[in-house]
Amino acid sequence: MAKPVTTVPYLKPVPDGPPAESPADAFDAAAVAERRAEEALIVDVDGYEGPLDLLLTLARTQKVDLMKISVLHLAEQYLVFVEQARALRIELAADYLVMAAWLAFLKSRLLLPPDPEAEGPSAEDMAAHLAFQLERLDAMRQSAARLMGRDRLGISRFQRGAPEMVTRKRRTEWQAGLIDLMRAYARLKTRDEFRPYAFDRQDVFTMEQALERIRRMIGFAGEWTELSDFLPDGWEGHGARRRSATAATFAASLELAREGKLEIRQKDAFAPITIRRRPT
Amino acid sequence: MTELTDEDPNAPPPAEAANSPDFPPPPMEQQERMVEAVLFAAVSPVSIRELGDRLPMGCDPAEAIATLRRRYEGRGVMLERIGDGYAFRTAADLSFLMQAETVEQRKMSRAAIETLAIIAYHQPVTRAEIEEIRGVAVSRGTLDQLIEMEWVRIGRRRMTPGRPATFVVTEAFLDHFGLETARDLPGLSELRAAGLLESRPPADVMGVPLVERDEDDDIGDGDPAEDLFEDE
Amino acid sequence: MTELTDEDPNAPPPAEAANSPDFPPPPMEQQERMVEAVLFAAVSPVSIRELGDRLPMGCDPAEAIATLRRRYEGRGVMLERIGDGYAFRTAADLSFLMQAETVEQRKMSRAAIETLAIIAYHQPVTRAEIEEIRGVAVSRGTLDQLIEMEWVRIGRRRMTPGRPATFVVTEAFLDHFGLETARDLPGLSELRAAGLLESRPPADVMGVPLVERDEDDDIGDGDPAEDLFEDE
C-alpha cells in the first residue's frame, strides 16, 4: 500500500476524442497528452471544493474504506499533486498550499519516531482526525445526494394548483374601558370649572391704581411728601392691605421717576421715602 | 376502502407502456387516482379532453371523473364542473371556513369617547345638548360611528320645539363597560375621589374663595338626573 | 360511505353558534370535512393550531386529521405531515402526469447542496462548523441563496465566545423534501451512531487548517431555533 507514489492516476488526461489511429498521429501523441494533462489539471483544480475535497478524491483512489485509509500515503499523493501543479506553473489557491504544508508536517511526524517530549496531539491523532474529517465530508456528500433524490415538491409531489384564498374580514375592536369613559367625562367637567387663576382683588392694590392715585395727587404736592401719605384711605392699617398698597405705591413712584415726573429722596437707610413733583 | 387489483395501485405504469396502445390501460382505480392528482395540482379547471391527453393511452377520464365525483360527494371538497373543465372546490356549506377574521384593536378618538361619555351620563340627550356640554360641534360622523359600534342608539324624540332626537346608550354599551345600568356610572364625586378631577385649581391652599360662575351648570353634579332614564 | 348522524352533516353550524362555547362542537364527521376543506384550499401546510383557530369552538383537529389521513391513504393526493403542519400533496408515483405543473428548479451549486445537507444533518450549526466540515470557506452567497429559497433560516445564537449565529432548516425545506420532521432525514440515526454528526473536533486535536476569511459574519439575531437534535 505504501508503494512510492510517482504519478497521480486521475491527473492523467482522459481522452475525450477518438484515439489516435494513424501512425502519423502517433508522433504527436506525447505532446498532445502533455497538453491535455495541463488542461485536465486546470479543470480538476477548478472542480475541487477546496483541499479537503481534493484529499477525499485522492483517498478514493486507495479503494479502501475511508476509515482504513493510509494517511501517510494520502499526504504523499497530495504533495505530488501540488508539485505537479507547480511544475505546470498552475497557480494554486492559498488554502491548497497551507494544506500542503500541514500535510508535509504530518508526514514527517508520522515517519519519525514519536518524540516523548512533544506536546499536543500525536501524529496518529492528527492522522485519525483527518481520516474522520474525510469520512464525515463523504457522509455529508452522500446525504446531500440522497436528499436531492427524494420526492421533491414541484418535481415529484405537487401542491394545490388553484388554492382557494382565504378572504380576510377586518373587524375593529375598540379599546375603550370604563376608565377611559370616566376620564373623558372628567375632562369635560373640569374644563367647565377651570378658569385662569386669579387673585381675589379685595386685598390687592395694583400698581395701576397707585399710578393713577399719585398722578392725581402729585399735582398738588410741590413739596417733599412722604410716600406713606399717598396710601389710599382704608389701606393705612397693618397687614396685607398696607403691604400691598405700599408696594404698589412705591413701584408707581419709581415708574413716575423713570418717566421724569417726580423725584424720590431717602435720607438714610430705612428712613421715610419722600417724593415731590419734578420742578419744571 | 378501495378494491385492490392484483397490481400495486401505487406503481406507476411503465413509462413506455403508458402511451402504447398494445398495453391495457391502468385499472379504473388507478385512473381515478390520476385524475384526482391532476385536478388537484392544476391551476385551472381541466377538461375531459385534456385529461385524455395527459393520462396513459386507453384511459377513460369521463368515467374516472364520474366515480371520483361520487367519492367526493358529501366531503369537504367537491369535484365540480366549471365550463368545460373539472376542478375541486370547497363545499358550499363550508365557505365560512374560507373567511378569516382579523381583529384590529383601535383606540377611539377623543371626540368619540367624550361624546359617548356625555350620552352615557346625560341620556337621553340631544345633539344640541352634547354640543353645549362639549363646547364644540359634534360631527355627524362621530355619532354615526358610535351608532355603528352599537354602543349608542337613537332614543325618543324630545317633546320640545323642533322635537329633536335624543341619544341613549345600548345594552351592548353596558356589556362592554361592565355596567348593569347607566346609573352605575361613577358620579363626579367618585371621579374626584379616584383622582380623575385633579386639574381643579388649588384654591383651598390659597385660602381665597373662588369667584362664583355666572354660567348655569346644566350638568348634573354627580349622578345623572333621574328623569333622564325615563324611557328605560 | 359515511355514517350519518341525525343532523344534516352538510348543514353549516349557525354563524353565531360556531364560536360559542355553549354549543357542542360539530360531529367528527363534520370536523373532518372542515379540515379537509381548509387543507385542500391552502398551498402551505396548516398547523393544528391554525386549524383550531379556524374551526368552530370545541373541535379536535388532531383527531380529524388522523381519520382524514387514513381516508386518503393510497389516493392520488395524500395528507402529509410537514413539521408542525399538514398539507395535501399529490402522490409521488403520479409525478409522470405532472409535466405541466413541474416547477423549474433553481440550479444549485454543489457547494449549496452540500451546505444544505450539512445544515440539515448538523443543525443548529454555525458557519464555522460548516466550514470545518467542508474544509473550505462558505461563501456568503451560498448561505444567502439557501436563506432566500427559504430552506434555511438563522437560528439561535450559540452560547459560546462570539455568540455566533446558527443555521437551521425550515418547514419549507421539510415540505420540499417530503420530510415529516428533520428527524426523518435519510440515514440520520446511522450517521449519528457512526459519530459522523459531531461537528466539533476534539479540543486537543489539531485539525486540518482552514484559511481564514476576513469577511464579517454580520448576520442579525434570528428567531430562536429549536435544537432539533440536541434534545434527543
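Scroll up for the structure.
Everything numeric in this text was worked out from a predicted model, so none of it was measured.

Considering helix H3 (residues 71-87) of chain A
All names here are of chain A. Between the first and last C-alpha of H3 there are 24 Å, a value that for 17 residues agrees with the 24 Å anticipated at 1.5 Å per step. For H3, the set of buried residues is Val71, His73, Leu74, Ala75, Gln77, Tyr78, Leu79, Val80, Phe81, Val82 and Ala85. Positive phi appears at arginine 89, one or two residues downstream of H3, with a value of about 55 degrees.

Looking at the interface of chain C and chain A
It is common to give the size of an interface as the accessible area that goes away when the parts come together. Between chain C and chain A, the contact holds 57 residues from the first and 43 residues from the second. Both faces considered, chain C and chain A share a buried interface measuring about 4500 Å² in area, 64% of it formed by carbon and sulfur atoms. Applying the counting rule to chain C against chain A returns 6 salt bridges. Where Glu80(C) meets Arg157(A), a salt bridge forms, and the shortest distance between an N and an O atom there is 2.7 Å. One can count 16 residue pairs in polar contact (both at pLDDT 80 or more) joining chain C with chain A.

With respect to the packing of helix H4 (residues 94-111) of chain A against helix H5 (residues 123-148) of chain A
Residues and elements named next belong to chain A. Contact pair H4 / H5: the axes reach a minimum separation of 9 Å and the direction vectors enclose 130 degrees. In this view, H4 runs oblique relative to H5, as classed from their interaxial angle. Read as a crossing pair, H4 and H5 show a hand that is left-handed. Two secondary-structure elements touch here, H4 through Trp102, Leu103, Phe105, Leu106, Arg109 and Leu110 and H5 through Ala123, Glu124, Met126, Ala127 and Leu130. Across the contact of H4 with H5, the residue classes break down as 9 nonpolar, no polar and 2 charged.

Regarding the sheet that holds strand E1 (residues 46-47) of chain C
Taken together, the 3 strands give an open sheet; going across it, the order is E1-E3-E2 (chain C), and neighbouring strands pair in antiparallel fashion. The open sheet terminates on both sides in strands that have one partner only, identified here as E1 and strand E2 (77-82) of chain C. Relative to strand E3 (residues 85-90) of chain C, E1(C) is paired through 2 bridges, and the arrangement is antiparallel. In the sheet register, Ser47(C) faces E3(C), and the bridge partner there is Gly85(C). Along the sheet face, helix H2 (residues 28-41) of chain B touches E2 and E3 of chain C and points at about 115 degrees away from the line of E3(C). Across the face of the sheet, helix H3 (residues 61-71) of chain C comes into contact with E2 and E3 of chain C while running at roughly 140 degrees to E2(C).

Digging into the sheet that holds strand E6 (residues 152-157) of chain B
Residue and element names in this part refer to chain B. Spatial ordering of the open sheet is given by E5-E7-E6, a layout of 3 strands whose pairing is antiparallel. Every interior strand has two partners, whereas the edge strands, strand E5 (125-126) and E6, have only one. Inspection of the sheet shows E6 paired to strand E7 (residues 165-169) by 4 bridges, in the antiparallel sense. From the neighbouring strand, arginine 157 faces E7, where its bridge partner is alanine 165.

Conventions adopted
- Residues numbered from 1 in each chain as written.
- Chains lettered and ligands numbered in written order.
- Predicted model: local features only at pLDDT ≥ 70, side-chain atom pairs only at ≥ 80, totals over all residues.
- Heavy atoms only, no water.
- Helix = DSSP H or I, 4+ residues; strand = E, 2+ residues; numbered from the N terminus.
- Expected span 1.5 Å × (residues − 1).
- Buried < 20%, exposed > 50% of the residue type's maximum accessible area, 1.4 Å probe, protein only.
- Contact = heavy atoms within 4.5 Å.
- Buried area = accessible area lost by both parts, 1.4 Å probe.
- Salt bridge = Lys/Arg side-chain N within 4 Å of Asp/Glu carboxyl O.
- Polar contact = N/O pair within 3.5 Å; in protein donor to acceptor, adjacent residues only side chain to side chain.
- Axes fitted to C-alpha atoms, helices over the stretch in contact; angles between N-to-C directions.
- Parallel < 35°, antiparallel > 145°, perpendicular 65-115°, else oblique.
- Left-handed = near helix turned anticlockwise from the far one by under 90°.
- Nonpolar A, V, L, I, M, F, W, Y, C, P; charged D, E, K, R; others polar.
- Pairing = 2+ DSSP bridges.

Don't take any of this as a statement about function, it's just geometry.
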